[in-house]
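# Working through the structure, step by step
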Amino acid sequence: MTTLFIADLHLSEHEPAITAGFLDFLQREAIHADALYILGDLFEAWIGDDDPNPLHTQVAQALAELHSHNVPCYFIHGNRDFLLGKRFAKKCKMTLLPEQLVINVYGESVLILHGDTLCTDDPGYLRFRQYMHNPIIQAIYLALPLFVRQKIASKLRNESTMTNRTKSSVMMDVNPLAVIAKLKENHVYKIIHGHTHRPAIHDMTIKGRLSQRVVLGAWHENGSVLRIKPNNSLELATFPL
Ligand code: OKV
Ligand code: MN
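Residues numbered from 1 in each chain as written. Chains lettered and ligands numbered in written order. Predicted model: local features only at pLDDT ≥ 70, side-chain atom pairs only at ≥ 80, totals over all residues. Heavy atoms only, no water.

The protein is annotated in an unreviewed UniProt entry as UDP-2,3-diacylglucosamine hydrolase from Budvicia aquatica. Its UniProt record gives the protein a comment under Function (unreviewed entry), which states: "Hydrolyzes the pyrophosphate bond of UDP-2,3-diacylglucosamine to yield 2,3-diacylglucosamine 1-phosphate (lipid X) and UMP by catalyzing the attack of water at the alpha-P atom. Involved in the biosynthesis of lipid A, a phosphorylated glycolipid that anchors the lipopolysaccharide to the outer membrane of the cell." (UniProt positions renumbered as here; feature names shortened; annotations may be inferred.)

Spelled out as structure tokens, the structure:
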């Protein structure tokens with residue numbers, strides 16, 4: 001019995017080894033789990049559920065397999081695949097969750113989120129995020145022809161690579177005060193997120209109580225997964241793809 005958490009796979013047709021490793025992970029491990037939580041950035045980019053990219057079909061079929069083995073799969077949007085919609089989620093037979101949520105894992109309350117909203121030292125990104133999350137902006141973007149959306153997306157990705165070069169590592173990490181505030185607001189002592197690509201289990205004290213922040217790793221050369229067992233033990237593991 002295990003509940004699994006992953007994030008930041010950044011799947012794309014340019015990284016077939018990561019896709020292969022993910023499909024392998026689903027068949028070998030996730031299929032035997034109690035549940036799989038994907039905490040954002042499953043995909044490197046998402047320009048709409050109508051994108052005919054064959055990678056998407058392949059991933060949807062593999063995720064839907066979990067459902068036929070009675071393994072529920074839950075998805076929280078990342079900063080890249082925030083446009084992933086109901087239509088694609090249905091194909092994957094996965095449940096879309098709100099941007100942050102307190103779940104019960106074997107009797108313990110845990111706050112789960114992608115983690116980008118904890119990066120409060122990067123006001124430039126938070127402004128970009130607010131703009132991109134505007135439903136009217138999203139509706140206009142989604143009404144554009146696919147090739148135009150593609151063009152805009154690759155331009156934005158190039159610009160982002162450029163501006164990220166000028167950002168310090170403190171700016172690119174979560175703000176410790178934002179983390180503490182988030183735990184307190186939600187009356188929890190455990191938080192799981194991804195986004196920063198700095199896998200770790202950080203111990204903290206909240207209201208005099210031992211508390212933990214788990215940061216999931218990105219999938220680059222290796223895969224990264226958090227396993228929680230019914231005794232609430234945490235195992236943050238790295239495995240070859
Ligand atoms: C996702 C990020 C690219 C960061 C564009 C409105 C706009 C949606 C979009 C286009 C880009 C997602 C959907 C992508 C995240 C980037 C670059 C930086 C920091 C509009 C709504 F602008 F036209 F109005 N997009 N794509 N970035 O390529 O997946 O998160 S994306
Ligand atoms: Mn991210």
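Now that the structure has been shown, we can carry on.
Every protein donor of the manganese ion (ligand 2) is accounted for by Asp41 (OD), Asn79 (OD1), His114 (NE2) and His195 (ND1), and the metal-donor separations fall at 2.1 to 2.3 Å. In the primary sequence, the donor residues of the manganese ion (ligand 2) line up as D-x37-N-x34-H-x80-H. Taken together, the residues Asn79 in the loop between β3 (73-75) and α3 (86-92) and His195 in the loop between β7 (190-193) and β8 (200-206) connect sequence positions 116 residues apart. Classification of Asn79 by relative accessible area gives buried; the value is 17%. (Donors = N, O, S within 2.8 Å, 3.2 Å for Na, K, Ca; no water. Helix = DSSP H or I, 4+ residues; strand = E, 2+ residues; numbered from the N terminus. Buried < 20%, exposed > 50% of the residue type's maximum accessible area, 1.4 Å probe, protein only.)

A word on a nonpolar patch on the surface. Where nonpolar side chains cluster on the molecular surface, the patch consists of Phe128, Ile152 and Leu156 and spans about 210 Å² of accessible area. When you line up the elements, Ile152 lands in helix α6 (residues 146-164). (Patch = residues over 30% accessible without salt bridge, like charges linked within 9 Å, V, L, I, M, F, W, Y side chains within 5 Å. Areas by Shrake-Rupley, 256 points an atom, 1.4 Å probe, with all protein chains shown as cover. Salt bridge = Lys/Arg side-chain N within 4 Å of Asp/Glu carboxyl O.)

The next point concerns the site of ligand 1. Not every one of the 17 residues close to ligand 1 is listed here, only the nearest: Ala45, Trp46, Asn79, Tyr141 and Arg157. In the model, an oxygen atom of ligand 1 is placed 3.0 Å from a nitrogen or oxygen of the Trp46 main chain. Arg80 is positioned with one of its backbone polar atoms (N or O) 3.3 Å from an oxygen atom of ligand 1. Coverage of ligand 1 by the protein chains reaches 92% of its 630 Å² of free accessible surface. Secondary-structure elements contributing two or more residues to the shell around ligand 1 are α4 (123-132), α5 (135-143) and α6. Top contributing element to the shell around ligand 1 by residue count: α6, with five residues. (Near = heavy atom within 4 Å. Polar contact = N/O pair within 3.5 Å; in protein donor to acceptor, adjacent residues only side chain to side chain.)

One key point about sheets: their strands pair by backbone hydrogen bonds, in either a parallel or an antiparallel sense. The mixed open sheet is built from five strands, whose spatial order is β5-β6-β7-β9-β8. In this open sheet, the two edge strands, each paired with only one partner strand, are β5 (100-105) and β8. Strand-to-strand twist across the sheet, computed as the mean angle between neighbouring axes with direction ignored, equals 25 degrees. Alignment of strand β6 (residues 108-113) against β7, held across two bridges, turns out to be parallel. Along β7, the bridge assignment pairs Ile112 with Ile192. Here helix α7 (residues 176-185) sits on the sheet and contacts β5, β6, β7, β8 and β9 (209-215); the angle it forms with β8, its principal contact strand, is near 65 degrees. (Pairing = 2+ DSSP bridges. Axes fitted to C-alpha atoms, helices over the stretch in contact; angles between N-to-C directions. Contact = heavy atoms within 4.5 Å.)

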